[in-house]
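Now for the letters of each chain:
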Amino acid sequence: MTATTSASAQQETVFGVADGATYSGLLCLGDDGRYYFSQAQVDGHNLPMPDQRWASRDEAVKVLAAMASGSLAAPSTQPPSAS
């Protein structure tokens, strides 16, 4: 069996339900071997995931589920305020 390098082998749509919230995301495998979501939604609302990368598929999916359930805050796209 040979490894495939097609785009479809490097992308996967994941779906789930976490604490009553539905989520989905387009999980991609980067050239660096790390996983990231190019798109993610929770209850139909886009979820910002800038520069989030994970070493394994399972870790990436667990983080998305945790964000959907509210047990992990989603990253902010707003610049930090000057205090």
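Residues numbered from 1 in each chain as written. Predicted model: local features only at pLDDT ≥ 70, side-chain atom pairs only at ≥ 80, totals over all residues. Heavy atoms only, no water.

## Points about the pairing of strand 2 (residues 21–29)
Relative to strand 2, strand 1 (residues 11–18) runs antiparallel, the two sharing eight bridges. Paired with Phe15 across the bridge in strand 2 is Ser24. In this structure, the hairpin formed by strand 1 and strand 2 is closed by a connection of two residues, where Asp19 is found at a positive phi of approximately 55°. Both strand 2 and strand 3 (residues 35–42) contribute to a ladder of seven bridges, which runs antiparallel. Its bridge partner being in strand 3, Tyr23 is matched across the sheet by Val42. From the end of strand 2 to the start of strand 3, which pair antiparallel, there are five residues, and Gly33 there has a positive phi angle of about 85°. (Pairing = 2+ DSSP bridges. Helix = DSSP H or I, 4+ residues; strand = E, 2+ residues; numbered from the N terminus.)

## So, the sheet that holds strand 1
If you walk across this open sheet you meet the four strands as 1-2-3-4, and the pairing is antiparallel. Single-partner strands in this sheet number two, and they are strand 1 and strand 4 (45–46). On the sheet, helix 1 (residues 57–69) packs against strand 1, strand 2 and strand 3 and is oriented at approximately 150° with respect to strand 2. (Contact = heavy atoms within 4.5 Å. Axes fitted to C-alpha atoms, helices over the stretch in contact; angles between N-to-C directions.)

## Topic: the pattern of salt bridges
If charged atoms from side chains of opposite charge come close, those side chains can pair. Following the criterion strictly, the structure yields three salt bridges and no others. Linking Arg57 and Asp58 is a salt bridge whose minimum nitrogen-to-oxygen distance equals 3.8 Å. (Salt bridge = Lys/Arg side-chain N within 4 Å of Asp/Glu carboxyl O.)

## Some points on helix 1
Over its 13 residues, helix 1 runs 19 Å from end to end, which matches the ideal 18 Å to within 8%, given 1.5 Å per residue. For helix 1, the set of buried residues is Ala60, Val61, Val63, Leu64, Ala65, Ala66, Met67 and Ala68. Residues of helix 1 that are buried make contact with strand 1, strand 2 and strand 3. Two residues or fewer after helix 1 comes Gly70, characterised by a positive phi angle close to 90°. (Expected span 1.5 Å × (residues − 1). Buried < 20%, exposed > 50% of the residue type's maximum accessible area, 1.4 Å probe, protein only.)

## Description of the environment of Gln41
Tracing the backbone through its elements, the reader meets Gln41 in strand 3. Under the relative-accessibility criterion, Gln41 is labelled partly exposed at 32%. When the C-alpha atoms of Gln41 and Phe15 are compared, they prove to be 9.6 Å apart, with 26 residues separating the residues in sequence. Beyond its immediate stretch of four places on either side in the chain, Gln41 contacts Thr22, Tyr23, Ser24, Asn46 and Leu47.

## Concerning the packing of aromatic side chains
Considering all chains together, one arrives at one aromatic pair under this definition. Arranged with centres 5.9 Å apart and planes meeting at 70°, the rings of Phe37 and Trp54 form a pair that is edge-to-face. Taken together, the positions of Phe37 in strand 3 and Trp54 in the loop between strand 4 and helix 1 put the pair 17 residues apart, joining distant regions of the chain. On the basis of relative accessible area, Phe37 is assigned to the buried category, the value being 5%. (Phe/Tyr/Trp six-rings, centres within 6.5 Å; stacked < 30°, edge-to-face > 60°.)

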